[in-house]
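# Survey of secondary and tertiary structure
What follows is the residue order along each chain.
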Amino acid sequence: MSVTTKLLRLYRVDCQVRSLRSRVDAAERYLRQQDKTLEDLTAKHEALSGQSRQLQATIGNDENEARSIEQRIEALREKLNNSTSNKEYSALLTEVNTLKADKSGVEERILESMTRLDEIKNAIAEIDAETAERGKVRTVALNDRDQRAAEVKDRLTELESERAVAAGDVPADALAKFEEEVEFREDEVMAPVSEHSRKHMEYACGSCQVLLPFEAVNRLLGDGELTFCGNCGAILFIEDELRELVTGGKK
Ligand SMILES: [Zn+2]
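Residues numbered from 1 in each chain as written. Predicted model: local features only at pLDDT ≥ 70, side-chain atom pairs only at ≥ 80, totals over all residues. Heavy atoms only, no water.

## Points about the coordination of the zinc ion
Note the cut-off: Coordination shells were defined by N, O and S atoms within 2.8 Å of each metal, extended to 3.2 Å for Na, K and Ca; water is absent from the atom set, which can make sites look incomplete. Tetrahedral means four donors with every angle between 85 and 135 degrees, whereas square planar (four donors) and octahedral (six donors) require angles over 155 degrees between opposite donors and between 65 and 115 for all others; sites fitting neither are termed irregular. Helix numbers and strand numbers start at the N terminus; a helix is a DSSP run of H or I with at least 4 residues, a strand a run of E with at least 2. Each residue gets one of three labels from its accessible area relative to the maximum for its type: buried under 20%, exposed over 50%, partly exposed in between, using a 1.4 Å probe on protein chains only.
For the zinc ion, the full set of protein donor atoms is Cys205 (SG), Cys208 (SG), Cys229 (SG) and Cys232 (SG), and the range of their distances to it is 2.3 to 2.4 Å. Bound by four donor atoms, the zinc ion shows angles of 101 to 116° at the metal and therefore tetrahedral coordination geometry. All donors to the zinc ion come from one chain, and their sequence spacing reads C-x2-C-x20-C-x2-C. With Cys205 in strand S2 (residues 202–205) and Cys232 in the loop between helix H4 (214–221) and strand S4 (235–237), this residue pair connects regions lying 27 residues apart in the sequence. Classification of Cys232 by relative accessible area gives partly exposed; the value is 22%.

## Section: the environment of Glu126
Mapped onto the elements, Glu126 comes out in helix H2 (residues 86–169). Relative accessible area serves as the criterion here: at 58%, Glu126 is assigned to the exposed category. Taking the C-alpha atoms as reference points, Glu126 and Glu95, 31 residues apart in sequence, are found 47 Å from one another.

Set out below in structure tokens:
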């Protein structure tokens, strides 16, 4: 068996392995996306919960402050009632009015905080609802991934061992080249020679359609040594049908 024939056997198993895996990989990617979305939602939920706690503490402090101002006002009113001079009365009254203004400032702040707190609570409720929805989508995605993985598991194991046998048969340097190229070329790593014109002996790379020197075709028909397309770099092979047409049945 020529190097090209051995590579072709490996290539065909490899394509099947990749196609089976890609079904599971797509489901796996979708599942990861759902996980990412849920993580983002959790992070948002935590950030908003933190803001909500902070705001509640602020409101608590402001309420205490308002109460303490109120107590001071009450105390001043006592004094006001018992004041003995106009001067004292008017000084106390000014103080009371200042404190009243302070208190209404604090109360305004409390109202603003409460409005903001309501907004945050609504946002948290929205995130909770979205999390619940996304959780359902994730469950479906997980089941789908597991189901696909289970469906292909046996066949994949079989093909992977076939692939190992086929790879073991390919000479090391050709195998290294194949493994290196298949990483990014995937199914395009090998390409069949396609016949453009037998009369004019025009043959092209089945991947990029650029004409091949006839000497390359001859080499593939002959000892089948490792031959690359000079244009796109695909490893070339000749399909049996074409070989028979070109050689008239001779191997
Ligand atoms: Zn090519």
